[in-house]
Amino acid sequence: MKRNGMLNSHISKILSDLGHTDMIAIADAGLPVPDGVLKIDLALKLGTPSFREVVEAIAEDMVIEKVIVAEEICEGNPVAMQFITEKFGVEAIDASVSHEQFKALTRQVKVVIRTGEATPYANCILQSGVHFG
């Protein structure tokens, strides 16, 4: 058994297999998952686990160079946007896509990790960076 880090074996495997610029999505309970894209469903009930909890856990194990969110998050869910900004810094965030464009981008991710989050636009795409040290 692992001592620490990501215990979910499916997520751990995905993170281990990521290369530079590969992407994963962390989604609220309502985001549609495109056909052919792997879904890891962590949702237990509405709100559990939260978007924040899952992002925090993933960020502990993943080198993240860019975070893509839908532009609607700024007005539709300022609490989630503030969390993302504080966690990753404004320079790492791309909020230039519409929610419809964001959903189209999920066709390119390696996995969609579904949370139990029940607030609007609590979704992000994390782009993998590299760690050479």
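Since this is a predicted model, take the numbers as computed values, not measurements.

Draft legend 1. Main features of the overall build of the chain. For the chain, the count of helices and strands is 5 helices and 6 strands. For the chain, the N- to C-terminal ordering of α and β elements is α-β-β-α-β-α-α-β-α-β-β. Relative to a compact globule of 133 residues, whose C-alpha radius of gyration would be 14 Å, the chain shows 14 Å and is just as compact. Summarising its shape, the C-alpha atoms of the chain cover approximately 40 × 35 × 30 Å along the three principal directions. In the chain, which comprises 133 residues, the share counted as buried stands at 46%. Excluding contacts between residues fewer than 6 apart, the proportion of contacts in the chain whose partners are at least 24 apart in sequence is 88%. Here the chain displays about 7300 Å² of accessible surface, and carbon together with sulfur accounts for 50% of that area. One finds the centroid of the 12 positive side-chain charges in the chain at a distance of 7 Å from the centroid of its 18 negative side-chain charges.

Draft legend 2. Broad picture of helix α4 (residues 78-88). Along α4, the residues that are buried comprise Ala80, Met81, Phe83, Ile84 and Phe88. All buried residues of α4 lie within an arc of 160 degrees about the axis, which places them on one face of the element. Counted as exposed and oriented over 90 degrees from the buried face of α4: Val79 and Glu86. Buried residues along α4 sit in contact with α2 (51-61), β3 (64-70), α3 (73-76), β4 (93-97) and β6 (124-128). Backbone geometry just after α4 places Gly89 at a positive phi near 85 degrees.

Draft legend 3. Spatial organisation of unusual backbone geometry. At the junction of Thr48 and Pro49, the peptide bond is cis and its omega measures out at -10 degrees in the coordinates. Mapped onto the secondary structure, Pro49 falls in the loop between β2 (38-41) and α2. Notably, Thr21 is not glycine yet its phi reads approximately 80 degrees, a positive angle. Tracing the backbone shows Thr21 in the loop between α1 (9-17) and β1 (23-27).

Draft legend 4. Focus on the nonpolar core. Grouped together as the largest cluster of nonpolar side chains are 29 residues, with contacts concentrated most on Ile24, Phe51, Ile58, Cys124 and Leu126. Of all the secondary structure elements, the ones that give two or more residues to this core are α1, β1, α2, β3, α4, β5 (111-114) and β6.

Scoring rules and cut-offs
Residues numbered from 1 in each chain as written. Predicted model: local features only at pLDDT ≥ 70, side-chain atom pairs only at ≥ 80, totals over all residues. Heavy atoms only, no water. Helix = DSSP H or I, 4+ residues; strand = E, 2+ residues; numbered from the N terminus. Rg over C-alpha atoms; globule rule 2.2 N^0.38 Å. Buried < 20%, exposed > 50% of the residue type's maximum accessible area, 1.4 Å probe, protein only. Contact = heavy atoms within 4.5 Å. Areas by Shrake-Rupley, 256 points an atom, 1.4 Å probe, with all protein chains shown as cover. Lys, Arg positive; Asp, Glu negative; His and termini not counted. Charge placed at Lys NZ, Arg CZ, Asp CG, Glu CD. Arc of directions from axis to C-beta. Core = buried A, V, L, I, M, F, W, Y, C linked by side-chain atoms within 4.5 Å.

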